[in-house]
Amino acid sequence: MAALGALRSCWAPARLLTGSAHHSNRLVLCQQTSIKRHFSNNKILVELDEATGVAVMKMKNPPVNSLSLDFLTEFSITLEKLEMDRGCRGLILTSASPKIFSAGLDIMEMCGKSAEHYGEFWRAVQEMWLKLYGSNMVTIAAINGSSPAGGCLMALCCDYRIMADNPKYAIGLNETQLGIVAPFWFKDTMSNVVGNRVTEQALQLGQMFPAPEALKFGLVDQLVPEEKVQSTAASVMAQWLTVPDHARQITKSMMRKQTTDKLVNNREADIKNFVSFITRDSIQKSLQVYMERLRQRKQ
Ligand SMILES: CCCC/C=C\CC(=O)SCCNC(=O)CCNC(=O)[C@H](O)C(C)(C)COP(=O)(O)OP(=O)(O)OC[C@H]1O[C@@H](n2cnc3c(N)ncnc32)[C@H](O)[C@@H]1OP(=O)(O)O
């Protein structure tokens, strides 16, 4: 699969050089004459620059970009379209509204719903992860705000993370603080970035790290002033895109395949496990208490 992907993208630079206008009709095209293609749905805005082959994908699910079932579905569809688009070699993932990159999984999707709903929701979470972590594109997270739990996972799925240099913004897998447990593939994703020891401690404590702390141990790769997050992401992307696609993609796949295969081979068991965990009365209670704390903090 990786080799096929490599073959696909090998052609991309040549196509760009010849200036071929191979517009995918799978995408909703808004600006046919521009070098930038804009397409969006309710929750995701995408701008694909045909000259550079870079798509900027902005998450727009107010108020906090929580990962609801609808959002995750739109996200995976959009990612799939970009993945299939020969003109797209790189993806910058960011938030349409600064201050919050993503608040993680939508807690309301995990409260008071049916077992069927939880199963469907969890499959969508898996799908998002498989697509983003397994992407053939160069992926850069432009983290322009706080990024707890599922939001941190999204950033960790990317090849490189640039975060706004603001100690008010924090990132981490804080699941234990909610009384829930990050599944093995969340743990593996973090561990592949920062190592086992740091992951173990951070996960047990459910730690959220202010941006400067996150930089110290490599949870993010670079901090820049807030207004430079996007431009820095674009220049880092340009550097990454100087590497031939096929070599980079095969290398990425070599590094990540073992991790993705673990979920691919255990998807149904993982869903079953999530459903039986989340339907426990004690877990439902924990989530309700957490939501109540969030509301009270606001007041
Ligand atoms: C076995 C299970 C494994 C599960 C694996 C992963 C789990 C997750 O991803 S769980 C989600 C964990 N996320 C969090 O803990 C984040 C919680 N939110 C916050 O810390 C703050 O809201 C945040 C820093 C993101 C933003 O702060 P503010 O700008 O001050 O906004 P508010 O706190 O006022 O929030 C506005 C509004 O949004 C609601 N909200 C926030 N986060 C979520 C969420 N994750 N899901 C659903 N809803 C969320 C919050 O309650 C407010 O709602 P209202 O009171 O109705 O306005």
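Cut-offs applied
Residues numbered from 1 in each chain as written. Predicted model: local features only at pLDDT ≥ 70, side-chain atom pairs only at ≥ 80, totals over all residues. Helix = DSSP H or I, 4+ residues; strand = E, 2+ residues; numbered from the N terminus. Buried ≥ 20, exposed ≤ 12 C-beta atoms within 10 Å, placed from the backbone. Contact = placed C-beta atoms within 7 Å. Near = placed C-beta within 6 Å. Pairing = 2+ DSSP bridges. Axes fitted to C-alpha atoms, helices over the stretch in contact; angles between N-to-C directions. Expected span 1.5 Å × (residues − 1). Core = buried A, V, L, I, M, F, W, Y, C linked by C-beta atoms within 7 Å. pLDDT = per-residue confidence, 0-100. Parallel < 35°, antiparallel > 145°, perpendicular 65-115°, else oblique. Left-handed = near helix turned anticlockwise from the far one by under 90°. Nonpolar A, V, L, I, M, F, W, Y, C, P; charged D, E, K, R; others polar.

Across its full length, the protein carries 11 helices and 11 strands. Evaluated residue by residue, the protein yields a buried proportion of 40% over its 299 residues. Across the protein, contacts joining residues at least 24 apart in sequence account for 75% of those joining residues at least 6 apart.

Let us look at the site of the ligand. With respect to spatial proximity, 28 residues lie near the ligand, and among them Ala103, Gly104, Leu105, Ala149 and Gly150 are the closest. Those elements that provide at least two residues to the shell around the ligand are β7 (145-148), α10 (267-278) and α11 (281-298). Among the elements that line the shell around the ligand, the one with the most residues is α11, at four residues.

Glancing now at the sheet that holds strand β1 (residues 36-40). Read from one edge of the open sheet, seven strands run β1-β2-β3-β4-β6-β8-β11, paired in mixed fashion. Strands at the two margins of the open sheet, each flanked by one partner only, are β1 and β11 (222-224). For this sheet the average axis-to-axis angle between neighbouring strands, irrespective of direction, equals 20 degrees. In this structure, strand β8 (residues 160-164) lies alongside β11, joined through three bridges in parallel fashion. Bridged to Ala164 within β11 is Val224. The strands touched by helix α2 (residues 69-84) within the sheet are β2 (44-49), β3 (54-59) and β4 (90-95), with β2 carrying the most contacts at an inclination of about 10 degrees. Docked against the sheet, helix α4 (residues 150-157) engages β4, β6 (138-143) and β8, running at close to 140 degrees with respect to β6.

This part covers helix α3 (residues 115-133). Its 19 residues place the ends of α3 27 Å apart at the C-alpha level, agreeing with the 27 Å of an ideal helix rising 1.5 Å per residue. The set of residues buried in α3 consists of Tyr118, Phe121, Trp122, Ala124, Val125, Gln126, Met128, Trp129, Leu132 and Tyr133. Tucked into the core, α3 has its buried residues touching α2, β6, α4, α5 (184-194), α9 (245-264) and α10.

With that settled, consider the nonpolar core. Core analysis: the largest hydrophobic core is formed by 73 residues, its most contacted members being Ile92, Ile140, Ile143, Met163 and Ile171. The element that contributes the greatest number of residues to this core is α3, accounting for nine residues. Setting aside chain neighbours within four positions, we find Met163 in contact with Ile143, Tyr169, Ile171, Ala211, Ala214, Val220 and Leu223.

Here we come to the confidence of the model for the protein. Overall, the prediction assigns the protein a mean pLDDT of 90, with 89% of residues at 70 or greater. In the model output, the complex is listed with pTM 0.91 alongside ipTM 0.98.

Looking now at the environment of Ser147. With respect to the helices, strands and loops of the structure, Ser147 is situated in strand β7. Judged by C-beta crowding, with 33 C-beta atoms within 10 Å, Ser147 ranks as buried. Between the alpha carbons of Ser147 and Ala211 there is a distance of 10.0 Å; along the sequence they are 64 residues apart. Residue contacts for Ser147: discarding those within four places in its chain leaves Phe101, Ser102, Cys152, Ala155 and Ile171.

When two helices pack together, their arrangement is captured by the angle between the axes and the distance separating the axes. It is the contact of α3 with α10, at a shortest axis distance of 9 Å, that shows an interaxial angle of 130 degrees. Here α10 runs oblique to α3, going by the angle between their axes. Note on packing geometry: the crossing formed by α3 with α10 is right-handed. The segment α3 lies against α10, with Ala115, Tyr118, Gly119, Trp122, Arg123 and Gln126 engaging Arg267, Asp270, Ile271, Phe274, Val275 and Ile278. Split into classes, the residues belonging to the contact of α3 with α10 amount to seven nonpolar, two polar and three charged.

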